[in-house]
Amino acid sequence: MPQLVLATTAVGAPMGAQVYQEEIAARAVSALAGVTAAADAGTADGAAPGRPPDAWRVSRLVARSMRSTLPGNRRLPMGPLSRAGVRTRRLAGAALYPRGAVVHRMTLELPPAPVDVVTLHDVVAWRFPDESAPVAAAPEEIRRAAAVICVSRFSAAEAVELLGVVDPTVVHNGVDDRYLDATPAPSEQLARLGITGPYVLHAGGASRRKNLEGLAAAWPSVRSSRPDLTLVLTGPPHPRRDDLFRDLAGVRQVGRVPDDVIAGLLAGAAAVVVPSLYEGFGLPALEAMAARVPVVAARTSSLPEVVGDGGILVEPTPAEIAEGILWAVSGDTAVDGLVARGRERAAEFTWERSAAGHAAVWAGLS
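The name an unreviewed UniProt entry assigns to the protein chain is Glycosyl transferase family 1, from the organism Georgenia muralis.

### Examining the side chain of Ser354
Along the polypeptide, Ser354 turns up in helix 16 (residues 351–363). Here Ser354 is in contact with Ile24, Val171, His172, Asn173 and Gly174, once residues within four sequence places are set aside.

### A look at the packing of aromatic side chains
Counted by the stated rule, this structure contains four aromatic pairs. An angle of 50 degrees between the planes, with centres 6.4 Å apart, marks the rings of Tyr20 and Trp351 as tilted. Here Tyr20 is found in helix 1 (residues 16–41), whereas its partner Trp351 is found in helix 16, with 331 residues between them in sequence. Summarising the burial analysis for this pair, Tyr20 and Trp351 share the class buried. Taking 5.4 Å as the distance between ring centres and 70 degrees as the angle between the ring planes, the aromatic pair formed by Phe128 and Tyr278 counts as edge-to-face. With Phe128 in the loop between helix 4 (124–127) and helix 5 (138–144) and Tyr278 in the loop between strand 11 (271–274) and helix 12 (283–290), the pair connects residues that are 150 residues apart, well separated along the chain. Taking relative accessible area as the criterion, Phe128 reaches 18% and is therefore assigned buried. The structure contains a cluster of three or more aromatic residues connected by ring pairs, namely Phe128, Phe154 and Tyr278.

### Topic: the pairing of strand 5 (residues 116–120)
Across the five residues of strand 5, five count as buried, placing the element largely inside the fold. Side chains Asp116, Val118 and Leu120 of strand 5 all project onto a buried face; the interleaved residues Val117 and Thr119 project onto the opposite face, where all are buried too. With three bridges connecting them, strand 4 (residues 102–105) and strand 5 associate as parallel partners. Paired with Arg105 across the two strands is Val118, which belongs to strand 5. The pairing of strand 5 with strand 6 (residues 147–150) spans four bridges and is classified as parallel. Opposite Val117, over in strand 6, you have Ala147 as the bridge partner.

### Quick notes on unusual backbone geometry
The phi dihedral of Asn211 falls on the positive side, at around 60 degrees, and the residue is not glycine. Examined against the element boundaries, Asn211 turns out to sit in the loop between strand 8 (199–203) and helix 9 (212–225). Taking the relative accessible area as the measure of exposure, Asn211 reaches 7% and is therefore buried. Positive phi values are uncommon outside glycine, yet Arg292 reaches one of about 65 degrees. Here Arg292 lies in the loop between helix 12 and strand 12 (295–298). Owing to a relative accessible area of 47%, Arg292 belongs among the partly exposed residues under this scheme.

Basis of the calculations
- Residues numbered from 1 in each chain as written.
- Predicted model: local features only at pLDDT ≥ 70, side-chain atom pairs only at ≥ 80, totals over all residues.
- Heavy atoms only, no water.
- Helix = DSSP H or I, 4+ residues; strand = E, 2+ residues; numbered from the N terminus.
- Contact = heavy atoms within 4.5 Å.
- Phe/Tyr/Trp six-rings, centres within 6.5 Å; stacked < 30°, edge-to-face > 60°.
- Buried < 20%, exposed > 50% of the residue type's maximum accessible area, 1.4 Å probe, protein only.
- Pairing = 2+ DSSP bridges.

In structure tokens, the structure reads:
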């Protein structure tokens, strides 16, 4: 019986990568059944016989450090393992995973498996010094993997250019149905966050690639033209964000927003701004499009690939960011057309389609 192991690490503060992991894991069994059924249907045309839909055994491996209190089912010396050489990590992987299993490592910190599938969201660890340091052995392990899945054509091109990956498979992320069905958060819920009146939303981290410097420089111009607007910033506390926005009028930092509030907060925004210099995919832009909110996104990295004609693409400069925001909230009927196209485009990015793409890779290695 073929076995698939989905290998992840325990994380205390889930972000976009963890959303991806959970969405794919939740659909792995049904996606593999669909691939198997398609193979069975193909036997009439001379294809090899497929397996019955229940032939795959799917399990989760959630690793945590030796002293971690986070939930998981394996304990590993994560720090030393991340710094170890290729041979040591290969031996660790051989001991960690079931023999003969297809192992999908959804995080590069974990050691490789003999039959190894790797997700590469981006190469920011190698491109940006203020990101988490890359796993030393990762480039060689990625090149040796049986399959590499990238979440955008842009990330795949980066993997080829920077890491020497051959023929990565592009499988786009999806968008949660809750954003497609989202309604604006009620005013009392917004008031508890200190938000009153119309607002522009930025959701995400504060590393340099997020271009908060550009957004901070753009905001006074926006505020001058629209003093009724508030810029709402979500995300874990970070000194760079504090330093950039502390003295700006009309800015509200709300920190990490509860999971049951974020969709309503997004749907109630007058616009969502994603001014990043570099994104491997750009899930906040897609979520905003799904929620029928105007998106102002930088014309950089993967963002044009995701946004397409469903948002306002600008150069990541303060002047163009400000201009894009002001147009997004202007009431121009052309913006309504962008929002409609964005919603239609977002509906094409389903987690079911993403899981099916993953399952095709897994099944091809069994």
